[in-house]
Amino acid sequence: MTEKPRISEGASVLARKARKRAELAFFIPVLGCLIFLSPLLDALGFGATSLARQFLAIFFLWGALIALAFMLRRILSQEIEED
Amino acid sequence: MLGFNGLVTICLVYVGILFLVAGWADRRARKGTASFLSSPIIYTLSISVYCTGWTFYGAVGSAARNGLEFVTIYLGPTLVFVGWWWLLRRLVRIGRTQRITSIADLISSRYGNNNLLAVIVTLLCVIGSTPYIALQLKSLTLSFSIFAADTDGLSPSIIGFWLAVGLALFTIVFGTRSIDANERHHGVVTAIALEAVVKMAALLAVGVFVVWGLSDGPADILSKAPDVINQSDTLITPRWVTLTFLAATAIICLPRMFQVVVVENTAEAHLATASWAFPLYLFFMSLFVLPIAIGGSTFLPASANPDLFVVSLPLAFDQFGLATLAFLGGFSAATSMVIVAAIALSTMISTHIVLPLWIRANQDRNPQSDDVRSMLLVARRISIIGILALGYLYYTLTDGTAALASIGLIAFLGVAQLLPSILGGLFWNNATRHGAITGILSGFAIWAYTLFLPSFEGRLLLTEAVLQNGPFRIAWLRPEALFGSNIEDPLVHATLFSIGVNALLFITVSLLSVPSASERLQAVRMVSPRVGEPRFRAGEATTVEDLYILAQRILGRQEAKAFFEQFAAAQGRQTGLPSPTDDLMRSLERELAGTVGSATAHAMLAQAVGSEDLSFEDLFAMADETAEIMEYSQELELRSRELADTAAKLRLVNQKLTDLSAQKDAFLSQVSHELRTPMTSIRAFAEILRDTSKMKATDQRRFASIILDESVRLTRLLDEILDLSFLESGSAKLNISKMSMVSVVNKALLATEALADGAGVTILTDIRPKTLRLETDVDRLSQVLINLVSNAVKYGEAKTPIVKITARLKSTDVVVSVSDNGPGIPAQHQHLIFEKFARFTSQHEKGSAGLGLAISKEIMRNLGGDLRYLAKPVGATFQLTVPQRRVVEQPAAIAAQ
């Protein structure tokens, strides 16, 4: 009987997951634009609060965005081409 | 406090250290022993060239004047970098695969390698960067002025001039060591990375000093903000959004940012690291900006320039070491910007402007490579001097009065005019060169009119009156209130109109114009860029049996079997199929490509392994191959049809030749037979006359008469054959003359009168019009009519035989019919009527040779007409057609005249 060497199963599932990870990369800048370019912060009352609170809020959100980008880099490590 | 000379000495020592670092890095890079030079950290730090003298000094000034607005300059790049996967990664890939050397190169390359576009972009970048260079000169001049105690004798413009000279020398030595525009500047990048560390360390140190040295921590310093910092009720304003947009744009469009982010990138992974590391760098660079602004506004006199708080605060509290570090931080920020910007701009100028001009000037001779090299080096060095000179000119023209931040924003909006063309080029296949040129030029013109020229406050081109009332007092053309718009902020106003019109015209003109072939090709490459040759990897969703079946279908059974057996043997397998290794996949793709083309082979394997690795470029390549195959196939089909047609013609010709040969044989046979019969008769009776001595006189006369008759018949036959031969060869001479049709018919009737009377045949004529005349060989035409009438009389066997002759004029032809009321010609013989020696039973009996109709047919052909037999139920009807006026063909030479 002929041996039937099989290429590993589930490649399409892996490809789909990779696509989802890549689409996640789109989510972070959209989230950033929503936070920093929409009237969201003003609607939440940050416009009327003190400069110190504004400062803390913006830097906190900014830091969170950087943390998300850091996590994304780790998530996308397989997709990133090592040259 | 340090003296001016002391400060200059510190700067020179610092520059010397940078030189040493750059030289060391270059040497290590050449030896290939410095892998850290290509590390993501060095790459990230080099991107910090974004933080110039503006961000070092101007951000604090901006915070002191406008509160948190300064954050936008950092948030814009942050949003671009956290979204690196979608934009920056594409830029970097294109930069590496297309060997892009500058932003002008990118745009011109995308739009069909159009050099005009490259020149426009280069000039725009130079003009757009000029305020930025001036900004660096201003920040350095201010810091020198405030730091050095003994600069009273030196005006700011003198200091600015010498700073410009020093920066030009510095950049020439640093940035023009190599002429390969695509080569990474390891030394420069390493030096800039060092400067990035210095400026961040300086800003953090001053921040720590202000927060914990001058205050009791963050809460304390921030609590002082309401007293000294302006704050509006709304955080996210149109100006906030505009500034963030411009800062984000600057990361892509500024020539120096493109240089460090795209051209100096050595690996995609570095960009991935920078996606979080660079925003983190910006985070720390801006973390103490507001506290320093609050500290400066609180502890320094109201007259203190907020742009210089970073230096003046330590100086005010006698922290000379910290102040020196802060000065070096600002010096680093300014010099790194100038170095990289000058390298990028000089590369663009030398490549896209000087080199094409030089090639045109030297096209008559064959330049040596050294000529080009030295020319490029000189061009870059002169360009650097020119760039610094323009910056200095802007600085002196604006009199150094504008705030640092406002100068930087003017530059940002200038280069932002490239954004629609870049984004459109990367994501829109239908973007065209015409659209890009129109968009850029229109946006640039509006930028210059609404922001750049007004920044000179009436000292350049636009007077104060124009700024106040508009050109020719047309209010709706006021530079800062176009179309009567009521936008208070000039920056928001200029951004809205310039970018809006730019994008609108770019899209509209692109839709209205047609991209060239090279543009379409580049669009495919850049809209769907691919790095390297990833191809396929084993281990995906298929079996080697599927590949074997695929190979069988494409290569053929035997070839596929041999291919897989060879691989199985190489893998040590005596039976069965080989393992689906990467090597197998690559080789199989090559084998398939030999049959179906590389793109189709790639697509087939992509489908087979389910990798979905089909790019737009693949599809285009497949389409090209398919088109080629279709074209080839159509050509083959055409050739095949042509061959078939030719073969059919050859068969026809062959058949004709065969028929002619058979006819010739038959003709010769018939001629022989026809000649032999009378000859035999003549010979026999001549022998009888010769051998019979006692013969009756009556017999002798009868035999002699037979011999005579046969001789006459023989002569007539030979005459007919000869006549037919002449007519067939077309060499029969025609005697054209004019005669009425009635006369022609009468001539024929006269010749056959005796025959008709003898047979009791009534001949009727009907010629209309009676006056019908024709111009032809009347004798020949009469010969045909005589033949037809005599045939009708001889063979029209009826009880009351009637022969009818009609003649009519149809258009330019005369149509004559000769019909009888006899039995006609049997259908089975009708196709033989005009054949030579074609005789039917009764004809033979009546002594016909069977050449009459053949001769008649040939006569009519020679007269330019035709003779046909019309099959009718009763009798036989022959119809001849002859042109009313015979046109004699002219010889070719005469016709040509």
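What you see is a predicted model, and the numbers here were worked out from it, not measured in a lab.

Draft legend 1. Structural view of the overall build of chain A. Tallying secondary structure elements over chain A gives 3 helices and 0 strands in all. Its helices and strands in sequence order give chain A the pattern α-α-α, from N to C terminus. When burial is assessed residue by residue, chain A has 22% of its 83 residues classed as buried.

Draft legend 2. Representation of the packing of helix α31 (residues 741-759) of chain B against helix α32 (residues 778-795) of chain B within the structure. Residues and elements named next belong to chain B. In contact at an axis separation of 8 Å, α31 and α32 are set at 25° when each is read in the N-to-C sense. Taken together, the axes of α31 and α32 are roughly parallel relative to one another. Crossing hand, α31 versus α32: right-handed. Of the residues in α32, those in contact with V744, V745, K747, A748, A751, T752, L755, A756 and A759 of α31 are V778, L781, S782, L785, I786, V789, S790 and V793. Of the residues assigned to the contact of α31 with α32, the class counts are 13 nonpolar, 3 polar and 1 charged.

Draft legend 3. Quick peek at the sheet that holds strand β7 (residues 877-883) of chain B. Residues and elements named next belong to chain B. The 5 strands are arranged β2-β4-β5-β7-β6 in an open sheet whose pairing can be described as mixed. Looking at strand neighbours, the two that pair on one side only are β2 (762-767) and β6 (866-870), the edges of this open sheet. Within the sheet, the average angular offset between the axes of one strand and its neighbour, ignoring direction, is 15°. With 6 bridges connecting them, β2 and strand β4 (residues 802-810) associate as parallel partners. Directly across from I767, in β4, lies its bridge partner A807. Relative to β6, helix α34 (residues 852-862) is tilted by about 135°, and along the sheet it contacts β6 and β7.

Draft legend 4. Structural context of the pairing of strand β5 (residues 813-820) of chain B. All names here are of chain B. Where β4 lies against β5, 8 bridges are found, and the strand directions are antiparallel. Within the sheet, the bridge partner assigned to T806 lies in β5 and is S817. The turn joining β4 and β5, which pair antiparallel and follow one another in sequence, is formed by 2 residues; a positive phi near 60° is taken by S811. With 7 bridges connecting them, β5 and β7 associate as antiparallel partners. Each residue of the ladder has a partner; that of V818, found in β7, is F878.

Draft legend 5. Up close: the nonpolar core. Residues and elements named next belong to chain B. In this structure, V121, V206 and V310 are the most contacted members of the largest nonpolar core, which totals 197 residues. Counting residues per element, this core draws most heavily on helix α17 (residues 320-361), at 20 residues. If we ignore the near neighbours within four places in the chain, the residues touching V206 are F288, I292, V310, L313, P314, L322 and A326. In terms of nonpolar packing, the next biggest core, distinct from the first, is built from 36 residues, I805, V814, V816 and A854 among them.

Draft legend 6. Spotlight on unusual backbone geometry. Residue and element names in this part refer to chain B. The omega torsion across R768 and P769 is -10°, close enough to zero to call that bond cis. Here P769 shows up in the loop between β2 and β3 (773-777). One non-glycine residue, D318, adopts positive backbone phi at about 60°. One can find D318 in the loop between α16 (309-316) and α17. A count of 10 C-beta atoms within 10 Å places D318 in the exposed class.

Draft legend 7. Inspection of the environment of I221(B) at higher detail. Residue and element names in this part refer to chain B. Position of I221 relative to the elements: it lies in helix α10 (residues 218-223). Judged by C-beta crowding, with 24 C-beta atoms within 10 Å, I221 ranks as buried. Sequence separation of I221 and I292 is 71 residues, and the distance between their C-alpha atoms is 8.9 Å.

The rules behind these values
Residues numbered from 1 in each chain as written. Chains lettered and ligands numbered in written order. Predicted model: local features only at pLDDT ≥ 70, side-chain atom pairs only at ≥ 80, totals over all residues. Helix = DSSP H or I, 4+ residues; strand = E, 2+ residues; numbered from the N terminus. Buried ≥ 20, exposed ≤ 12 C-beta atoms within 10 Å, placed from the backbone. Axes fitted to C-alpha atoms, helices over the stretch in contact; angles between N-to-C directions. Parallel < 35°, antiparallel > 145°, perpendicular 65-115°, else oblique. Left-handed = near helix turned anticlockwise from the far one by under 90°. Contact = placed C-beta atoms within 7 Å. Nonpolar A, V, L, I, M, F, W, Y, C, P; charged D, E, K, R; others polar. Pairing = 2+ DSSP bridges. Core = buried A, V, L, I, M, F, W, Y, C linked by C-beta atoms within 7 Å.

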